[in-house]
Amino acid sequence: MFGLPGTTAAVLFGFPIFWIVYTIIFFVKSKDWPDDLETEEEGGNSNE
Amino acid sequence: MSSVVLIFLLLYYVIVVGIGFWAVKKGGAKDLEGYLLGGRQVGPLVTAMTLQATSMSGYMFLGGGSAGFTTGYWSIFYASGDIGGGVVNLSVIGRRMRKLSKILGSLTSIEYLEHRYPHPATRLIAGGLSVFFLFFYILAQFIAGGKGMALVTGLPYWVALAIAVGIIMIYTFLGGYFAVAYTDFFQSLVMVIGMVWIFAAALNATGGFTAANNAIAQIDPTYLSIWGKGLAHKGAWPDILGAVLIFSVGYMGWPHVVTRHMAMKSPKTARMAGVYSTIWNLFFVTAPYMLGIFAIVLLPNLADPEMAIFTLAGELLPAAVTGIVMAAIMAAIMSTADSILLQVGTIASRDIYQRFIHPKADDKRMVLVSRILILAIGVIGFIVAVVKPPSVFAIVIFTTSVLGSAFLPAYVCAVWWKKANTPGAIFSMIGGALSAYLAEITSFVLPPMVAGVLVSFILMIVVSLATQKSHPVPSYILKAMDLTAEVGPIPKGILTSAEFNLSPEAMAVRKKLDKDK
């Protein structure tokens, strides 16, 4: 592919594909992460 | 160097300093949390870009091109890990570190370690290691900046160095983290535009990707092999492992990089920041190595491989675009130097001065002390860089390996492993740094990063397990870790004020969490 040996092409294109898949999985799995900011501010700065 | 190039560089500097002044007006330095963490108000896009711009130093434009030019496609292993460096960092420790640092009231990445592994020795050792090695890292960036400026402007090295150091210090000095984060954001855009532009020009000059590879095969087909020129790395799996790991998981051990997690607007910020990081990396990270590989065909008589990208820019691009590429190179150098400068100033002021010398220092005094220290570090760095400049890239690789080895297990286990205790962390930091150092000077069979991380993790696990009875993890930290693991808001009333030093805030958290048990 593109004049490259098969292993070189696999590394060159395989790793980016792996990281794209990793990022998509992370994005999907973290979809329920709430935005904690408001609660933090409500409860913030307590030093009891 | 043409005046058009200089005009673009000048314009770039004006914008960068302008962002520094804007950060001051926006209140980036109004109190200590504002100065050190931008008031924890940094959104996903800026978080991702400051994370990436800080991680990618001038190494990418000089060392990356050199690696591609000298080893061929073997160098792609470095990029292969690096593409995922940002998202790995954000997904593994981003959300949890943001939350735990907020619960424990930590303002610096070193202070955070002491709060998680409570003992003054934790901060002394972590602070000492960080200040020592990061100073040399800054020095390397100063020298690279000075050399780059001298090349572009034709000015004497020391004058160019003074300009480069002066500009970095002005905006770091003025606006603290906020200024650094937003200049990093701007600089990350300049970096990726410059890189993509020259990549497209080089690809065009070679006649396309396939044509370039066919031409390289005519010169030496082993350049195309994944084992490197002359098959020099054939079967050398530890080398490959080291190349992939150093920039994929290694970032999680860099104190100046993980600080970005603590400054995020909320733990959720990590989610989109991970996506932005990967997108930016896909455009930026592989290009320098590929440019070095293209230079094998385009610049067959190149004397200094580190000048591959500079030379390609000068030969292939019109003056105005060369100016953008030169600005991109300076951006890569400056965006790393400013973050480390702020980090070292922060550690020296907050983690050493306030912690051990003047515990009652108020926010105003702390910002002042931090600024004075940044000035002092800048001046000392300038003097060393003029009088006896060491080799830039040897320092970069060495310091990143040592820092990554020292701190990677400490930061990862801080949020993921409840049995990680203070003795484990201390042995891990010292053992990791020492073994990376020894692997470097003895040319050990394993690369310094791999040897250091391996020893560091083993020590963290073995020592922590062996000392569970004598040094149990305090109950308030276990509770804080439980809260951190939960996906959800931090319950009311347990947050600590960042204005307080370790004892009062730790006491407050302990009191509250113990009461809730």
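This structure is a prediction, so every number in the text was calculated from the model and none was measured.

Draft legend 1. How the structure looks around the overall build of chain B. A count of helical and extended segments in chain B gives 22 helices and zero strands. Here chain B has a C-alpha radius of gyration of 23 Å; the compact-globule value for 517 residues is 24 Å, and the two agree. Considering only C-alpha atoms, chain B reaches an extent of 70 × 50 × 45 Å along its principal axes. Counting every position in chain B, which comprises 517 residues, the buried fraction comes to 63%. Long-range pairs, those at least 24 residues apart, make up 84% of the contacts in chain B between residues at least 6 apart in sequence.

Draft legend 2. Examining the environment of V321 of chain B more closely. Structurally, V321 of chain B can be placed in helix α16 (residues 319–357). Spatially, the C-alpha atom of V321 of chain B lies 8.7 Å from that of F8 of chain B, the residues being 313 residues apart in sequence.

Draft legend 3. Broad picture of unusual backbone geometry. In this model, F2 of chain A sits at a positive phi of 55 degrees, which is unusual for a non-glycine residue. Structurally, F2 of chain A can be placed in the segment before α1 (6–29). Look at L231 of chain B: it is not a glycine, yet its phi comes out positive at around 50 degrees. Position of L231 of chain B relative to the elements: it lies in the loop between α10 (209–219) and α11 (237–246). Using a count of 13 C-beta atoms within 10 Å as the deciding quantity, one classes L231 of chain B as partly exposed.

Draft legend 4. Structural detail: helix α7 (residues 109–116) of chain B. In terms of residue burial, α7 of chain B counts as a mostly covered element, since eight of its eight residues are buried. Where α7 of chain B is concerned, the buried positions are S109, I110, E111, Y112, L113, E114, H115 and R116 of chain B.

Draft legend 5. Inspection of the packing of α10 of chain B against helix α14 (residues 287–298) of chain B at higher detail. All names here are of chain B. Where α10 meets α14, the closest approach of the two axes is 9 Å, and the angle between their N-to-C directions is 60 degrees. In terms of crossing hand, the pair formed by α10 and α14 is left-handed. Side by side, α10 and α14 meet where A212, A215, I216 and I219 of the first sit next to I293, F294, I296 and V297 of the second. Among the residues making up the contact of α10 with α14, the classes are represented as eight nonpolar, no polar and no charged.

Draft legend 6. Inspection of the environment of M169 of chain B at higher detail. Residues and elements named next belong to chain B. For M169, the location among the structural elements is in helix α9 (residues 157–206). Along the chain, M169 and K147 lie 22 residues apart, while their C-alpha atoms are 17 Å from each other. Among all residues touching M169, those that are not within four sequence positions of it are I374, L375 and G378.

Draft legend 7. Representation of the confidence of the model for chain A in the model. In the predicted model, chain A carries a mean pLDDT of 79, and 71% of its residues have values of at least 70. Counting contacts from residues 40–48 of chain A, a segment whose pLDDT is below 50, to residues more than four positions away or on other chains yields 25 contacts.

Draft legend 8. Structural context of the environment of I110 of chain B. Residue and element names in this part refer to chain B. Within the element layout of this structure, I110 appears in helix α7. Sequence-wise, I110 and F407 are 297 residues apart; in three dimensions their C-alpha atoms are separated by 9.9 Å. In contact with I110, other than residues within four places in its own chain, are R123, A126, G127, S130, P255, I347 and D351.

Draft legend 9. View of the confidence of the model for chain B. All names here are of chain B. Chain-level pLDDT for chain B is 85 on average; 92% of the residues reach the 70-or-more range. Of all the helices and strands in chain B, helix α22 (residues 502–516) carries the lowest mean pLDDT, 48, while α14 carries the highest, 96. With pTM at 0.84, the complex prediction returns an ipTM value of 0.84.

About the thresholds
- Residues numbered from 1 in each chain as written.
- Chains lettered and ligands numbered in written order.
- Predicted model: local features only at pLDDT ≥ 70, side-chain atom pairs only at ≥ 80, totals over all residues.
- Helix = DSSP H or I, 4+ residues; strand = E, 2+ residues; numbered from the N terminus.
- Rg over C-alpha atoms; globule rule 2.2 N^0.38 Å.
- Buried ≥ 20, exposed ≤ 12 C-beta atoms within 10 Å, placed from the backbone.
- Contact = placed C-beta atoms within 7 Å.
- Axes fitted to C-alpha atoms, helices over the stretch in contact; angles between N-to-C directions.
- Left-handed = near helix turned anticlockwise from the far one by under 90°.
- Nonpolar A, V, L, I, M, F, W, Y, C, P; charged D, E, K, R; others polar.
- pLDDT = per-residue confidence, 0-100.

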